[in-house]
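Single-letter residue listing:
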Amino acid sequence: MPNRKTVVGFVGLDKLSLRLASSLIRSGYHVQAYQEDSSYVNEFCNLGGARCQTPVEATRDATVAILANVGDDIADISSTIGGYCIRKEACVGEGKIKLVNDLLECIHLVASVEATFLGARAGLHPSILYDIISNAAGSSRIHLRLLISVVVFYFLSLFFMLNYLFYWQNSVMDGAKAVKFPLPLLAVAYQQLINGSCSMKVGGELSPSPTKAYEQIYGMNIRDATKQPSYDPSELARELTATAKDVKKIGFIGLGAMGFGMASHLLKSGFSVIAYDVYKPTLVKFAELGGLIGTSPQEISQGTNEALQSCGSVLSALSEKLYIIKGGCGAASSVKMVNQLLAGVHIASSAEAIAFGAQLGIGTRKLFEILQHSRGYSWMFGNRVPHMLESDYKPYSAIDIFVKDLGIVCNESSKMKIPVHVSSIAHQLFISGSASGWGRYDDSAVVKVYETLTGVKVEGKHAILSKTDVLNSLPSEFGENPMENQDIIGNLNSKVLVVLDDDPTGTQTVHDIQVLTEWSTETLVEQFGKKPTCFFILTNSRALSSDKAVSLTKEICKNLEAAAKQVAGTSYTVVLRGDSTLRGHFPEEADAAVSVLGEMDAWIICPFFLQGGRYTINDIHYVADSDRLIPAGETEFAKDASFGYKSSNLKEWVEEKTNGRVLASNVSSISIDHLRKEGPDSVCKHLCNLKKGSVCIVNAASDRDMSVFAAGMIKAERKGKRFLCRTAASFVSARIGIIPKPPLQPKDLGIKRDSCGGLIVVGSYVPKTTKQVEELLSQFSANLKIIEISVDKVSMKSLEEREEEIYCASEMASASIRALKDTLIITSRKLITGKSPEESLEINYKVSSALVDIIRRIDARPRYIIAKGGITSSDLATKALNAKCATVIGQALPGVPLWQLGPESKHPSVPYIVFPGNVGDNEALAKVAKTWARPPRCSTKELLDNAEKGGYAIGAFNVYNMEGVEAVISAAEAANSPAILQIHPGSLKEGGLPLISCCLAAADRARVPITVHYDHGNSKSDLLDALELGFDSVMADGSHLPLDENISFTKFISSLAHEKGILVEAELGRLSGTEDGLTVEEYEAKLTDVAQASKFMDETNIDALAVCIGNVHGKYPPGGPNLRLNLLKELHQLTMKKGVSLVLHGASGLSQDLVEECINLGVRKFNVNTEVRSAYLESLKKPQKDLVQVMASAKEAMKVIISDKMHLFGSAGKA
C-alpha cells in the first residue's frame, strides 16, 4: 500500500479524471482536486476526495499533478508541483485530431515499454538509456516520461498513462473502423494495453504499481535494474578523448547515405580513411575525394579493444555528444538496438497516424503542426512527416535500412526472451515497403504502404486541379450584373476608391484612371476636388522594408484624412492593392492604415485576378498554369525571399501572416455558392453581421462573382459599414464599374513609324518572367539588341565596377535605339539573395537603382517602353522618367497596363507598358513586343491598296544617288506622305548594290511608308537578280515584245515574284521618249489595247499595269500632253474588276488638272523622273564652295519638286 501521505492532485474533473481519482482513492492515495463549477465535485467528495478552492491548493505537495482543465493559472501551479505533472494537452482537444494523438501515444507507450525492458535485459541502466535516447533519433515525449517514471517515480505515472490511453483507445479503434482504415501498429499496441491492464488487477482492484504487471509479462525485474550502480557514459567519453592516441587510419564498411557523409567529413578533417562498399560507383566517388578503397570487409574490420583507445579524436570529430558504454568494443550496439527500435516504430507510427488523419479528412499539414506540440510527438515524427507531406523520398535513410535494423531488434529480442510486438509489426511494414519496390526510398516512404492499401493521400499539399473541370463544376453565375443596377450606379461616387498600389501593376484592369506618384496633402486635395470614382497612389512599398512600408502607409493615410477634410462631402474607402500571388507587407500595411483611419468593421481579403489566372475556390487560392490550377502555396511565388509563405488556404494564410494573432478559425469567408445563388443582398447581410474587426475572405472565379461582391459591399457601406480591402486588381475594376475594352495597339494612339527603336527593361526574377524572356529571344533575338546587366557587379562589387556597368549599358542602349533596334536591357538571370529578407530587399534596391540610372542616362527617345516587373516599372516611371502622375489609358494585353505619363515626364507621349512579372503565358512578352515594335516596311501592294481606298496616287521617284534618296525621304516625312524609291536599270548599272542598300536602309529608317521598286526590268536575268536583292516590287517590262511573248515573259517573272511576296508591275502598249539613255521613237509607240489588256492580266496574274494613253517618257512636245482619258476610263473599269492597280509613267510635265483627272479615273501610281533629275542638274550649275554644299543644294532642289508632286498626287498627309 502507498504511504497515506502520497498526494495526487487534480486540476479539473471530467469523466476520465473522476475514474482515475476513484481508483487512486481506493488504492490508498490522498487525492485532492479543484473544479471551478460543481460538476463531478459531489461524486468526487463522496468517494473520499478532498475539494480545494484554488488550482494552486490542489497541486500543493502533490507527488503527481494531473491537469485535466487548466487555463492561465499554469504559471502559478507549476511553482507548487514538487513531483511529476501530467497535462491533458489543450492543443489536441477533442474530435478527430485527438484520435490521431491518442494513436501515437498508445503506440509510443508500448514501444517504450518494449525498449526499456529490452535495454535493461541487455544490461543498460535506465538512467543511462534516458540520457542517451533523449539526445537521439528514438526520442519521444512518451518515452522520456516513461523513463522518468521508471527512474524517479517508480512507474507511478505509467499507471495514469495506461488508464488514460486504455480508456480512449476504443474510440480510436471505432473511428478507424468507421472510415475503413487499418491500424496494425495500434491494434497490437492496444492488445498490449489490454494485457497490461488485465495483469494489473489484484482481487478486482487495480494494483498500485503496474510495474509488477509488466515485469510478469517480460519475465524480469525492472526495479532491480534501476537499483544497479550507474555511471556517466559522457564522462568516460571525455576521458577517452583526453587520452586518445593518434589515429593512422580509419575503416568504413558501407558507404550509404550516413556512412559516406561520415567518411567524407573525416577526410576533410584530415584523417586517412579506407572504405569498402558493394556499390562500385560510390567507391569511385569516394576515391575522387581522396579516400582509400578496401578489397573486402575483412580487410577493414580488424578492430580490438586497444584500437578503441585510439579512436577518441575520431569519434569526437563525428559527434555533437559522445558516450562510452562499459563493456569494450561492441557494448554500445545495445544502445543502437534500443534507439533503432524506437526510431523505426516512431517512423512507422508517424506514417500510420498521418495517413489515418488524412482518411479522417484532416488537413495533414495542419495536423502535423498541431501534433508537434502534443504528447504524441516524437523526434522522428517531426523529422520524417515533412518528407511525407512533400512526397520527398530522396533516401536520407532508406526503408531497407530499417528492414535490416528492426530485423536485428527482432532477432536479439528473441534471444533475450523479450517480446517486442509493436516493433515486429513495424518491421513487417518496412518489409512490405521494400517488397513493393520502395526499399531504396527514404524510410518515410513506409507511408506509401498505407496509401497503397487505402487509396488515401497524405501529401500535405492541396491538389493541382483541372481548371476546366473545376470551373465547369461551379454553379451558374448570378443572373444579372448587379453593377449595372441603377441603384448601385447611383452610389458608385458616394465613396471615392483610393487604391494604395504596392507596385504599378495594380492598374491591370482599369482605364481612364489617374495614378499619382506623390501624395502631398495639396495633391490629394486637388484630386478629391475632381470628384473621381477612383484614383491610384503608387507606393511601391513592396520594394521597401517592413518598417519603411508601415511609415509610408501611415503618412499617406494621414494626408488622405487631412485632404478629405478640406474637400466638402468627401468620403473614401482605402484599398491596399497587393500582389495576386499573395506577396507583400500583410498585415503590416493593414495595421498601419487602421492605426490612422481607425478600426474597420472588417478587412476584406480578395486576391482573385482573372487576367492573371488567379482563382479563389473553397478558400483555396490557385494560380492557373494552362489548364492546371496550382495552389498558390506550391508555386514559385510562395518561395519569395522576402514575402514567402506556405498556406494556400487563405484562412490559414491569414493566420500564418499574422503569426497566429488572427486564427484561421476566426476568419470568415464568402463562398462562390453564396455569390452565385444568393446575390448582393445576402453579401450585404453577411458583411453587416461580421464582428467588428473581422477578416473576411472573398472566393471568386469570374468577374461576375466580383461584381456581385462589390455590389453587396456598396450596400453595406451605405448602411455605415467601413471596410479596409487587401485585394488584387480585379476587385478595383468591379468596385468602380469599369467596362472592359480591348487591348490597345499603336494605331489606337496614332503611332506610326518612328525613326527609333523600342526599349524593353526586365528586372523581375519570377520564373514566369524568365520563361517569357526565353520565348522573346527565341522569336526575336535577330531583331533585338540584348544588353545584360550583371547583378553581381551592380549589387555586390565596388562602386567603380558598378558605375562602369551602368555607363556601358546606357551608351550601348542609346546607340541601339537610335539605330532603330528594339533594345532589351535585362538583369542577369542568376538570382542573388541575402541571408535575411532585409538583405534581399537591399540587393533588390541596388539592382533597381542601377536600372534607374541606366534608363535615366539613355539620351535616345524610344518608340515605346516595356517595364517588366512591378518594382522595375515603378522605379523607372518615377525615378528614371520623373513622372509625377500618369493616366491609365488601357491595357496592352489583358492584365498588362498601358500608361500615358504626365507632361512633366521625360517622355510624355511615349507609351509606357507596365508588364507584371507574374502575368501572361510564356509568349505574352513576345506578343506585346511584336505588337509595339516598329512595324516592318509596307509592301508596295499595301501602298497601292491604301491609295485605292483613299482615292489618291503614290509618287514613284527615280533615284540615282544618296542625295536623291534623301530628297525623297525628307520630302515624304515633311509631307507625311508614302512614297516609292525607284531604281532604273541604267542607274543600277552605275550605282550597283550600294545604291540598292542605300534605298533599303533609308526605307527602313523612314518615319513614313517607303518601298523600293525595280523599274523597267526588261531582261530575265536582271529581274531574277532583282528578286534576290530585297526589292519590294519589280516591273517586268516586256512591252517591246509581241503580246504572246510579253505574256510568257511577264508570267514567268510574276510566278517567281509572288512566291516571295513581291508585287509585279507590267506594261502593255509602249511609251515614246527617252529615259536613262533608252529611246523609243514615236513611230514605235502604241496605245494600250483594252481587249489585249484583259487577256494579259488574266494570264500573267500581275498586280499593277502601266498603261499607254498618250503619255511619254521625258519631256512632252511643245503642244503639251495629249492623253486619251476615255481609254483610261475603260482601262480603269477593267482593272477594277481584276483587282489590278493602274500606273501611269511619264508624270513629269502633266498639269494639275490632268493629274487630278487621271487620279479620278483610277491611276494609283505616277512615275516621276525628268523634273526631279532636271532640278538636280540645275542645282549643279550654281557655284558652291564645298562638295557638302553641292550635295545639300542638290538635295533641297529635288525635295522641292518631290514635295510638290506629293501634294499634287494627293498623298500628302496619308502616311
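Predicted model only: the values in this text are computed from it and were never measured.

Cut-offs and rules
- Residues numbered from 1 in each chain as written.
- Predicted model: local features only at pLDDT ≥ 70, side-chain atom pairs only at ≥ 80, totals over all residues.
- Heavy atoms only, no water.
- Pairing = 2+ DSSP bridges.
- Helix = DSSP H or I, 4+ residues; strand = E, 2+ residues; numbered from the N terminus.
- Expected span 1.5 Å × (residues − 1).
- Buried < 20%, exposed > 50% of the residue type's maximum accessible area, 1.4 Å probe, protein only.
- Contact = heavy atoms within 4.5 Å.
- Right-handed = clockwise from strand over helix to strand, strands pointing away.
- Core = buried A, V, L, I, M, F, W, Y, C linked by side-chain atoms within 4.5 Å.
- Domains from an automatic or database assignment.
- Phe/Tyr/Trp six-rings, centres within 6.5 Å; stacked < 30°, edge-to-face > 60°.
- Salt bridge = Lys/Arg side-chain N within 4 Å of Asp/Glu carboxyl O.
- Axes fitted to C-alpha atoms, helices over the stretch in contact; angles between N-to-C directions.
- Parallel < 35°, antiparallel > 145°, perpendicular 65-115°, else oblique.
- Left-handed = near helix turned anticlockwise from the far one by under 90°.
- Nonpolar A, V, L, I, M, F, W, Y, C, P; charged D, E, K, R; others polar.
- pLDDT = per-residue confidence, 0-100.
- Lys, Arg positive; Asp, Glu negative; His and termini not counted.
- Polar contact = N/O pair within 3.5 Å; in protein donor to acceptor, adjacent residues only side chain to side chain.
- Disulfide = S-S within 2.5 Å.

## Quick notes on the sheet that holds strand E8 (residues 250-253)
Within the open sheet, the 3 strands sit side by side as E8-E9-E10. Their pairing is parallel. Looking along the sheet, the strands with just one partner apiece sit at the ends: E8 and strand E10 (292-293). Pairing of E8 with strand E9 (residues 273-276) involves 4 bridges; the strand directions are parallel. When the sheet's bridge partners are listed, Ile-250 is paired in E9 with Val-273.

## A closer look at helix H21 (residues 399-416)
Under the 1.5 Å per step criterion, the end-to-end length of H21 is 26 Å for 18 residues, consistent within 8% with the ideal 26 Å. Every buried residue of H21 is listed here: Ile-399, Phe-402, Asp-405, Leu-406, Gly-407, Val-409, Cys-410, Ser-413 and Met-416. Among the structural elements, helix H5 (96-121), helix H18 (333-359) and helix H22 (421-438) are those in contact with the buried residues of H21. Directly beyond the C-terminal end of H21, a positive phi value near 60° is found at Lys-417.

## Thoughts on the environment of Trp-932
As for its placement among the helices and strands, Trp-932 is situated in helix H38 (residues 924-932). A sequence separation of 187 residues divides Trp-932 from Gln-745, and the C-alpha atoms of the two residues are 7.1 Å apart. Among all residues touching Trp-932, those that are not within four sequence positions of it are Leu-744, Gln-745, Pro-746, Leu-749, Ile-751, Arg-863, Tyr-864, Ala-892, Leu-898, Pro-911 and Ile-913.

## Comments concerning the pairing of strand E32 (residues 1010-1017)
As a general feature of sheets, a regular strand has side chains that alternate between the two faces. Judged by how many residues are buried, E32 sits mostly within the fold: 8 of 8 residues are covered. Alignment of strand E31 (residues 979-983) against E32, held across 5 bridges, turns out to be parallel. Its bridge partner being in E32, Gln-982 is matched across the sheet by His-1013. In terms of handedness, the path from E31 via helix H41 (residues 985-1005) over to E32 forms a crossover that is right-handed. Bridging between E32 and strand E33 (residues 1033-1036) involves 3 bridges; their strand directions are parallel. For His-1013, the partnering residue across the bridge sits in E33 and is Ser-1033. You can see the chain leave E32, run along helix H42 (residues 1020-1027) and come back into E33, and the turn it takes is right-handed.

## Quick look at unusual backbone geometry
For the bond from Phe-586 to Pro-587, the omega torsion is 10°, close enough to zero to count as cis. Positive phi values are uncommon outside glycine, yet Lys-531 reaches one of about 55°.

## Concerning the side chain of Asn-649
Position of Asn-649 among the secondary structure elements: in the loop between strand E19 (628-631) and helix H29 (650-657). Residues within four places of Asn-649 in sequence aside, it is in contact with His-462, Asp-619 and Ile-620.

## Some words on the nonpolar core
Leu-687, Phe-709, Ile-825, Ile-855, Trp-899 and Tyr-912 are the most contacted members of the largest nonpolar core, which has 85 residues in total. Counting residues per element, this core draws most heavily on helix H31 (residues 703-718), at 8 residues. When residues of this core are sorted by domain, at least three fall in each of domain 3 (473-736) and domain 4 (758-832 + 840-932). In contact with Phe-709, not counting residues within four places along its chain, are Ile-604, Ile-670, Leu-675, Val-683, Leu-687, Val-698 and Phe-731. Counting 84 residues, the second largest nonpolar core, distinct from the first, contains Cys-106, Ala-115, Ile-354 and Phe-430.

## Re the sheet that holds strand E18 (residues 620-625)
With antiparallel pairing, 4 strands are arranged side by side in an open sheet as E11-E19-E18-E17. Each edge of the open sheet carries a strand with a single partner, namely strand E11 (465-466) and strand E17 (614-617). In the sheet, E18 pairs with E19 via 4 bridges, with the strands oriented antiparallel. Looking across to E19, one finds that Val-623 is bridged to Ile-630.

## Regarding the environment of Ser-764
Along the chain, Ser-764 turns up in the loop between strand E23 (759-762) and helix H33 (767-780). Under the relative-accessibility criterion, Ser-764 is labelled buried at 10%. If near-sequence neighbours (up to four positions away) are discounted, Ser-764 is found in contact with Thr-769, Arg-829, Lys-868, Gly-869, Thr-872 and Gly-917.

## Focus: the packing of aromatic side chains
In this structure the tally under the stated criterion is 15 aromatic pairs. With centroids separated by 6.3 Å and ring planes inclined at 50°, the aromatic side chains of Phe-709 and Phe-731 adopt a geometry described as tilted. Here Phe-709 is found in helix H31, whereas its partner Phe-731 is found in helix H32 (residues 729-735), with 22 residues between them in sequence. There is no split in this pair, since Phe-709 and Phe-731 are both buried.

## Comments concerning the pattern of salt bridges
Counting across every chain of the model gives 46 salt bridges. In this structure, the salt-bridge partner of Arg-661 is Asp-591, at a minimum N-O distance of 3.0 Å. With Arg-661 in the loop between H29 and strand E20 (668-670) and Asp-591 in helix H28 (residues 588-597), the pair connects residues that are 70 residues apart, well separated along the chain. Accessibility expressed as a relative area gives 28% for Asp-591, which makes it partly exposed. Linking Lys-793 and Glu-805 is a salt bridge whose minimum nitrogen-to-oxygen distance equals 3.9 Å. Placement of Lys-793 in helix H34 (residues 791-795) and of Glu-805 in helix H35 (residues 799-818) is noted, with a sequence separation of 12 residues between them. We classify Glu-805 as buried; its relative accessible area is 15%. Among the ionic contacts, a cluster of salt bridges with common partners joins Asp-501, Asp-502, Asp-503, Arg-542, Arg-577, Asp-579, Arg-583, Glu-589, Asp-640 and Arg-726.

## Thoughts on the environment of Tyr-218
One can find Tyr-218 in helix H10 (residues 211-218). Sequence separation between Tyr-218 and Lys-417 is 199 residues; the distance between their C-alpha atoms is 7.8 Å. When neighbours within four sequence positions are excluded, Tyr-218 is seen to be in contact with Val-113, Glu-114, Phe-117, Arg-121, Gln-192, Lys-417, Ile-418 and Pro-419.

## Re the packing of helix H30 (residues 672-688) against H31
Helix-helix packing is characterised by the crossing angle of the two axes and by the distance between the axes. Between H30 and H31, the shortest axis-to-axis distance is 7 Å and the interhelical angle comes to 15°. Between H30 and H31, the crossing angle belongs to the class labelled roughly parallel. Crossing angle aside, the handedness with which H30 passes H31 is right-handed. Taken together, the residues of H31 that come into contact with H30 (itself represented by Ile-672, Leu-675, Arg-676, Gly-679, Pro-680, Asp-681, Val-683, Cys-684, Leu-687 and Cys-688) are Asp-705, Val-708, Phe-709, Ala-711, Gly-712, Met-713, Lys-715 and Ala-716.

## Quick look at the packing of H18 against H22
Put simply, H18 and H22 touch, their axes get as near as 9 Å, and they point 60° apart. The handedness of the crossing between H18 and H22 comes out as left-handed. Taken together, the residues of H22 that come into contact with H18 (itself represented by Leu-341, Gly-344, Val-345, Ile-347 and Ala-348) are Val-422, Ser-423, Ala-426, Leu-429 and Phe-430. Its residues assigned to classes, the contact of H18 with H22 shows 8 nonpolar, 2 polar and no charged.

## Quick look at the confidence of the model for the protein
A low pLDDT score tells you not to read the predicted coordinates there in detail. Summarising the model, the protein shows a mean pLDDT of 86, and 88% of its residues fall at 70 or more. pLDDT under 50 marks residues 150-160. Its contacts with residues more than four places away, or in other chains, come to 45 contacts. Below a pLDDT of 50 lies the segment residues 1074-1080, which in the model reaches 23 contacts outside its immediate sequence neighbourhood of four places, other chains included.

## Some words on the side chain of Glu-352
Structurally, Glu-352 can be placed in helix H18. The charged side chain of Glu-352 is buried without a salt bridge, its nearest counter-charge being Lys-177 at 16 Å. In terms of polar contacts, Glu-352 uses its side chain to reach the backbone amide nitrogen of Leu-185, at 3.1 Å. Dropping the residues within four chain positions of it, Glu-352 is found in contact with Leu-103, Ile-107, Phe-181, Leu-183, Pro-184, Leu-185, Leu-186 and Tyr-450.

## As for the state of the cysteines
A complete count under the given rule lists 0 disulfides for this structure. Its sulfur unpaired, Cys-45 is 9.5 Å from the next cysteine sulfur, which belongs to Cys-52. The class of Cys-45 is partly exposed, set by a relative accessible area of 33%. The exposure class of Cys-52 is buried, given its relative accessible area of 5%.

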